[in-house]
Amino acid sequence: MNYSFNFIYKADGEVKKTNSTDNDDFSVVAEISDKLTTLTLQPKREVEFVKFEMTMPFKFNSAQRIFTNGYQSWTVSKEYSPNGSMDEFNPRLMGIEKRKVNPLGIWGAGDLTFHNYPEKSGVFYGYSYGYVRNGNELFLLGSLSEKVGYTIITFNSSAESITIEKELEGVLFNDDTIMLSLATLSGEYNAVFDEYFEMMNIPKPRVQRQCGYTTWYNYYTNVTEDIVSRDLEAISKLDTKIDIFQIDDGYERTVGDWLETDEKKFPNGMKTVADNIHKQGMLAGLWLAPFAVTPKSHIYKQHKDWLVRDEKGKSHYAAHNWGGFYALDIYNSEVRAYLKKVFDTVLNEWGYDMVKLDFLFACSIIPIHGKSRGEIMCEAMELLRELCGDKIILGCGVPLVPAFGKVDFCRIGADVGLCWENKAFSREDVSTQNTLTNTIFRRHLDGRAFLNDPDVFLLRDNNIKMPMSKRKIVADVNSLCGNLLFVSDDVSTYTDEQMKIFIDTITKPKADIINAEFVKDKIIKIDYSLNGKADSLTFDLATGVKI
């Protein structure tokens, strides 16, 4: 590999620029082989990097496709044509200047507060890993660890280059540090991803394909104990085994006060709910956003010193949900003790078998304590795995590589909408089209990093704004490419046709995907093998029409 380097850094109070890997302030030792590039920083004095990047030449052609992995679970992740663009969610084209990107908006869930969105056609960026595909052959670049900082990979077809950058805001370097371990692999699609995950030494998922129910996409925060009892009874009467019954947001007094149940909605408490689920032979799941607290919470009012704060000591909003929320500082010993109590209560006293942990990006919304966002996120996921022990974790709203091997299931797309039309305002917004896209193009993570949660499919007739033909496409894509198959329906209302689709969706084995791509504009074709039989699914992502 032939790399050029670009460093902008601060040393002795001065901002400096250099293309040299050996200067008066530091050396970068590069060890380069066909499959692995390692960069080791050797500081000669304390340095802070504004930019740490290397660039390699790369010839693109129109037959290739470029995949970029979005910042976190919800972020759009897909393949692009080299002459295409990422303008679909360009904030400038929506009239939003960077200085006006407000974490209280949906933008707060993404990366635009610290990374510039491409302004030109032919420029595509993503996090941690990405690839160029020609037919079934890949050239993949993938970070083996994000513990120093996030790795941002930019493909520039116009400049015929690929740039690998480390996001290092807030970090001072005094000691020798391995800054980057980058796999550079070529070969057949599945073989390349197998080798990448072997190089990362990620353990295989310990869970199997599962199906279940979640309260969110029918009742949202209006869920009650009576609703849960009714839907639990209905789903328990099915002849087919249902694995998990999960209670989502709405049971708690407010976000952050996880051990204070809303007594009006759940008068018998959450242990009773878990017990009732167990009586029906299902695992009990519960939603939490463990790092999030709203201003209404007792945690916020009583422990403002627990919050993530910027360098001026000001608490920092994480995102807009629930009217705006703050994040807990995971390095505060009292926060860790509180989280231990929360998980001990939920998992051991109440008896829940699975926790869906959401909005996890919040803990790393800004660099703190001299740590980069990537390091914070990696250590947060290590903490959550430790706190949960052997219980099942479904991760959500999380940058993915820090979650590799730490969660059992993981959301790999945005929240599904109740309509097909794309009304998303950002790359992290609710969108049926975007979550289908991610389900298809992040399929390579399934069975390697964790089992993929493609989000729910919905078959009911009430409280939904898409015809059955479109609902069926969502169910088909989830079954083909995902391994956690959830609904949010009262199945007692199903017609015979809906029940047949439901049972067929959750009982089919996982398909072997042969190829999946945009064959024309918004037309997606998935070629697969199921039970030894070759088949395909083709549909228009824009209209939801099966072709």
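Refer to the structure printed above.
Residues numbered from 1 in each chain as written. Predicted model: local features only at pLDDT ≥ 70, side-chain atom pairs only at ≥ 80, totals over all residues. Heavy atoms only, no water.

Q: Talk me through the side chain of Glu 375; I want residue IDs and the actual numbers.
A: Looking at where Glu 375 falls in the secondary structure, it is placed in helix 7 (residues 373–388). With sequence-adjacent residues up to four places away left out, Glu 375 is seen in contact with Glu 146, Lys 147 and Tyr 331. (Helix = DSSP H or I, 4+ residues; strand = E, 2+ residues; numbered from the N terminus. Contact = heavy atoms within 4.5 Å.)

Q: Talk me through the environment of Arg 443; I want residue IDs and the actual numbers.
A: Mapped onto the fold, Arg 443 is located in the loop between helix 9 (432–441) and strand 24 (451–453). Residues Arg 443 and Asp 249, spaced 194 residues apart in sequence, show a C-alpha to C-alpha distance of 27 Å. Beyond its immediate sequence surroundings of up to four residues, Arg 443 is in contact with Tyr 189, Asn 438, Asn 452, Cys 481, Ile 513, Asn 515 and Ala 516. A distance of 2.9 Å separates a polar side-chain atom of Arg 443 from the backbone oxygen of Ile 440. (Polar contact = N/O pair within 3.5 Å; in protein donor to acceptor, adjacent residues only side chain to side chain.)

Q: An account of the sheet that holds strand 17 (residues 283–288) is requested, with residue identities and associated values reported.
A: Strands pair in a sheet through their backbones, by hydrogen bonds, and they do so in one of two ways: parallel or antiparallel. Spatially, the eight strands line up as an open sheet ordered 24-23-22-21-17-16-15-25, and their pairing is parallel. Only two strands of the sheet have a single neighbouring strand rather than two, namely strand 24 and strand 25 (484–487). Averaged over all pairs of adjacent strands, the angle between strand axes in this sheet comes to 25°, irrespective of strand direction. Bridge count between strand 21 (residues 354–357) and strand 22 (residues 392–395): four bridges; the pairing is parallel. Within strand 22, the position partnered with Met 354 by the bridge is Ile 392. Contacts between helix 6 (residues 333–349) and the sheet are confined to strand 17 and strand 21, with strand 21 contributing the most and set at about 135° to the helix. (Pairing = 2+ DSSP bridges. Axes fitted to C-alpha atoms, helices over the stretch in contact; angles between N-to-C directions.)

Q: An account of the pairing of strand 17 is needed here, citing residue identities and associated values.
A: The element strand 17 is largely enclosed, with a buried count of five among its six residues. Judged from the four bridges that link them, strand 16 (residues 244–247) and strand 17 form a sheet pairing that is parallel. Residue pairing for strand 17: Ile 247 is matched across the bridge by Leu 286. Chirality of the crossover, the property in question, places the unit of strand 16, helix 4 (residues 269–279) and strand 17 among those that are right-handed. In terms of strand pairing, strand 17 meets strand 21 through four bridges, oriented parallel. Across the sheet, residue Leu 286 finds its bridge partner in strand 21, namely Val 355. (Buried < 20%, exposed > 50% of the residue type's maximum accessible area, 1.4 Å probe, protein only. Right-handed = clockwise from strand over helix to strand, strands pointing away.)

Q: Would you mind going over the pattern of salt bridges in detail, with residue names and values included?
A: Tallying each qualifying case throughout the model produces 41 salt bridges. For Lys 371, the salt bridge identified is with Glu 379, shortest N-O distance 3.5 Å. Overall, Lys 371 belongs to the buried group, its relative accessible area being 19%. By relative accessible area, which is 22% here, Glu 379 ends up partly exposed. Through salt bridges with shared partners, a single network forms among Asp 12, Lys 16, Asp 25 and Arg 45. (Salt bridge = Lys/Arg side-chain N within 4 Å of Asp/Glu carboxyl O.)

Q: Got a sec to walk through the packing of helix 6 against helix 7? Specific residues and values, please.
A: Look at helix 6 against helix 7: their axes get within 9 Å of each other, and the N-to-C directions meet at 40°. With respect to helix 7, the axis of helix 6 lies oblique. For the crossing formed where helix 6 meets helix 7, the hand is right-handed. Contacts between helix 6 and helix 7 involve Arg 336, Leu 339, Lys 340, Phe 343 and Leu 347 on the former and, on the latter, Leu 383, Leu 384, Leu 387 and Cys 388. Here the residues of the contact of helix 6 with helix 7 are counted per class, giving seven nonpolar, no polar and two charged. (Parallel < 35°, antiparallel > 145°, perpendicular 65-115°, else oblique. Left-handed = near helix turned anticlockwise from the far one by under 90°. Nonpolar A, V, L, I, M, F, W, Y, C, P; charged D, E, K, R; others polar.)

Q: Can you lay out the packing of helix 9 against helix 10 (residues 468–481) for me, pointing to particular residues and giving the numbers?
A: Closest axis-to-axis distance for the helix 9/helix 10 pair is 9 Å, and the angle between their directions is 25°. By the angle between their axes, helix 9 is roughly parallel relative to helix 10. For helix 9 against helix 10, the interelement crossing comes out left-handed. On helix 10, the residues touching Thr 432, Leu 436, Thr 439 and Ile 440 of helix 9 are Val 474, Val 477, Asn 478 and Cys 481. Broken down by class, the residue content of the contact of helix 9 with helix 10 amounts to five nonpolar, three polar and no charged.

Q: Give a detailed account of the nonpolar core, specifying residues and quantitative values.
A: Formed by 193 residues in total, the largest nonpolar core has its most connected members in Phe 49, Ile 162, Ile 247, Phe 404, Ile 526 and Phe 539. Per-element accounting of this core gives the leading share, eight residues, to helix 7. Those residues within four positions of Phe 404 in sequence are excluded, and the remaining contacts are Tyr 129, Phe 197, Met 200, Ile 202, Leu 445, Ala 449 and Phe 450. (Core = buried A, V, L, I, M, F, W, Y, C linked by side-chain atoms within 4.5 Å.)

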